[in-house]
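Here are the chains, one letter per residue:
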Amino acid sequence: MQGAVTSLKRLLLACIACVLGAAALTFVVDPLQLFRPSRLAAFYSDDTRMQNAGLILSQSFDTAFMGTSLAIHFRQSDIDRALAVHSLKLSMTGSNSRQQAFVLEQAIDRGARRVIWEMDDFIFVDAADIEADPYLFVDLYRRTAKGIASYLFSASMAKESLFALLRSVPPLRGPLTRAAPFLPVKFALSDVDDIYALPRDFDVTRGYNAQKTLAAFAYITDPVRSRFLGEGYGYAAMVRHFEQDAIGLIARHPEVTFDIYFPPYSILQFVAMRDASPETLKIVTDLTARIAQRLTQLPNARLHDFRAIKAVTHDLDNYGDVIHHSPAVDAKVLRWLASREYQVDPKAPLASLDELKAQVEAYHVPK
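Cut-offs applied
- Residues numbered from 1 in each chain as written.
- Predicted model: local features only at pLDDT ≥ 70, side-chain atom pairs only at ≥ 80, totals over all residues.
- Heavy atoms only, no water.
- Helix = DSSP H or I, 4+ residues; strand = E, 2+ residues; numbered from the N terminus.
- Buried < 20%, exposed > 50% of the residue type's maximum accessible area, 1.4 Å probe, protein only.
- Contact = heavy atoms within 4.5 Å.
- Areas by Shrake-Rupley, 256 points an atom, 1.4 Å probe, with all protein chains shown as cover.
- Lys, Arg positive; Asp, Glu negative; His and termini not counted.
- Charge placed at Lys NZ, Arg CZ, Asp CG, Glu CD.
- Core = buried A, V, L, I, M, F, W, Y, C linked by side-chain atoms within 4.5 Å.
- Salt bridge = Lys/Arg side-chain N within 4 Å of Asp/Glu carboxyl O.
- Pairing = 2+ DSSP bridges.
- Axes fitted to C-alpha atoms, helices over the stretch in contact; angles between N-to-C directions.
- Expected span 1.5 Å × (residues − 1).
- Arc of directions from axis to C-beta.
- Polar contact = N/O pair within 3.5 Å; in protein donor to acceptor, adjacent residues only side chain to side chain.
- Parallel < 35°, antiparallel > 145°, perpendicular 65-115°, else oblique.
- Left-handed = near helix turned anticlockwise from the far one by under 90°.
- Nonpolar A, V, L, I, M, F, W, Y, C, P; charged D, E, K, R; others polar.
- Right-handed = clockwise from strand over helix to strand, strands pointing away.

Draft legend 1. View of the overall build of the protein chain. Scanning the protein chain from N- to C-terminus turns up 16 helices and seven strands. C-alpha extents for the protein chain along the principal axes are approximately 85 × 45 × 45 Å. Of all 367 residues assigned to the protein chain, the portion counted as buried reaches 51%. Counting only contacts in the protein chain whose residues sit at least 6 apart along the sequence, the fraction spanning at least 24 positions is 81%. Surface summary for the protein chain: the accessible area is close to 17,200 Å², and the carbon and sulfur share equals 59%. Distance between charge centroids for the protein chain: 6 Å, based on 40 positive and 41 negative side chains.

As structure tokens, then:
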């Protein structure tokens, strides 16, 4: 009996030693760069909701770039060249305004004095409060005891730390770095510029063309699925989140300049709502009218509306579905932001929206 107790104690001690050893490994390697810039070769993850916590702490920047999947493929180096800034891309696919405002607040607290914000109606759909959000690691951003503990005692992070340590060994560095994208590790990118960016050899004409755009239009307007066009949309709740998350953040930081833009969806996004969910189209236009009227009155905000630029939005070869545009349009967006060519005039905040409404009403879908 005494022997069994002794063995159990040894097993327990061995388990504790393994857990503490794994935590110590994560603390020393620090793959997220939460405590210090990387001592080894740095690697980055496409899991932006987690990676952003480390980027905000480990990178130097003066400008934060935020958005959804509409803004995920930009490269920081392109943003820097076009706008003469030192940017940090924080875009998160499918993110809502609660998540975006929270992450931007952390970036502003770390020194961002300019925010470039891709803003669309979808981000204001009703969702969980940030404190109850299961997808954003709030305590990791705040570096609370709970957040630090979840980081250090994560088996996944211990695995990432071990792999990063192995990649720092010179004979293993090259082979493991090349193999990383094909292995079950999150931190596979060696350049921060590549986070969620399209590969430089990406076949743009195959990924973005009118055939795919029209197929997506037919899919979302099919009577079986068209109800999803308005899923989560409610005017009152969306206005509440806009006021709380966007206006609240901008008002709290008068020292920061906010360049906010409505992305150049294809015209088919609005035509789909016109034909299959007109009540959703009314919510979207009413909401963006409210946004335009409010933002253009704020001294530290500039609104840019790219939704009525027919040369882009009516050319369906620019899109991979009805909203996601090609890298060529990404480059145009940066040039438009730099030139302020499509900045909304505070004296006529609804002019571009009225032009868009007229285009949507007149548009005929190609057969």
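Draft legend 2. Examining the nonpolar core more closely. In this structure, Val103, Trp117, Met119, Phe124, Phe258 and Leu295 are the most contacted members of the largest nonpolar core, which totals 83 residues. Of the residues forming this core, the biggest block, eight residues, is contributed by helix α13 (residues 278-295). Residues within four places of Met119 in sequence aside, it is in contact with Phe124, Ala246, Ile260, Tyr261, Phe262, Pro263, Ile291 and Leu295. Formed by 17 residues, the second largest nonpolar core is a distinct cluster that contains Ala71, Tyr261, Ile309 and Val329.

Draft legend 3. Examining the pattern of salt bridges more closely. If you walk through the whole model with that rule in mind, you get 17 salt bridges. Residue Arg307 is joined to Asp305 by a salt bridge in which the shortest nitrogen-to-oxygen separation is 2.9 Å. Here the residues in one salt-bridge network are Arg114, Asp259 and Arg302, joined through shared partners.

Draft legend 4. Layout of the sheet that holds strand β7 (residues 301-305). Taken together, the five strands give an open sheet; going across it, the order is β3-β2-β4-β6-β7, and neighbouring strands pair in parallel fashion. Edge strands, defined here as strands with exactly one partner in the open sheet, are β3 (87-89) and β7. Looking at each pair of strands side by side, their axes are set apart by 15 degrees on average, direction ignored. Examined bridge by bridge, strand β6 (residues 257-262) and β7 share five bridges and lie parallel to one another. Its bridge partner being in β7, Phe258 is matched across the sheet by Ala301. Lying on the sheet, helix α3 (residues 76-83) is in contact with β2 (63-66), β3 and β4 (114-118); it crosses β3 at an angle near 145 degrees.

Draft legend 5. Representation of helix α10 (residues 210-221). For α10, with 12 residues, the first-to-last C-alpha span of 16 Å sits near the 16 Å given by 1.5 Å per residue. Along α10, the residues that are buried comprise Thr213, Ala216, Phe217 and Thr221. Burial along α10 is one-sided: seen end-on, the buried residues are contained in an arc of 115 degrees. Structurally, α10 contributes buried residues whose contacts are with α12 (267-276). Of the residues that open α10, the one with a side-chain oxygen 3.2 Å from the backbone nitrogen of Gln211 is Asn209.

Draft legend 6. Local environment of the side chain of Gln51. Residue position: Gln51 is located in helix α2 (residues 48-58). A distance of 2.8 Å separates a polar side-chain atom of Gln51 from the backbone nitrogen of Ser45. The residues touching Gln51, leaving out its near neighbours within four places in the chain, are Leu32, Phe43, Tyr44, Ser45, Phe187 and Ile195.

Draft legend 7. Structural context of the packing of α2 against helix α4 (residues 97-109). Close contact between α2 and α4 brings their axes to 10 Å; oriented N to C, the two are set at 15 degrees. Judged by the inter-axis angle, α2 sits roughly parallel to α4. The two elements α2 and α4 meet at a crossing, and its hand is right-handed. For the pair α2 and α4, contact is made by Arg49, Asn52 and Ile56 and by Gln99, Val103, Gln106 and Ala107, respectively. Residue classes in the contact of α2 with α4 are distributed as three nonpolar, three polar and one charged.

Draft legend 8. Inspection of the pairing of β2 at higher detail. Of the two faces of β2, the one lined by Thr63 and Phe65 and the one lined by Ala64 and Met66 are each fully buried. Note that β2 and β3 share three bridges and pair parallel. Along β3, the bridge assignment pairs Ala64 with Leu88. Handedness of the crossover is the feature at issue here: the chain leaves β2, passes through α3, returns alongside β3, and the resulting connection is right-handed.

Draft legend 9. Up close: the pairing of β6. Of all the six residues making up β6, five are buried; the element is thus mostly covered by neighbouring parts of the structure. The pairing of β4 with β6 spans five bridges and is classified as parallel. Bridged to Glu118 within β6 is Tyr261.

Draft legend 10. Up close: unusual backbone geometry. Even without a glycine there, the phi angle at Arg143 is positive, about 55 degrees. Of note, Arg143 is situated in the loop between α5 (138-142) and α6 (145-152). By relative accessible area, Arg143 is classed as partly exposed at 40%. Not every positive phi belongs to a glycine, and Arg340 is a case in point at roughly 60 degrees. With respect to the helices and strands, Arg340 occurs in the loop between α15 (327-339) and α16 (351-362).

So yeah, pure geometry; function would need other evidence.
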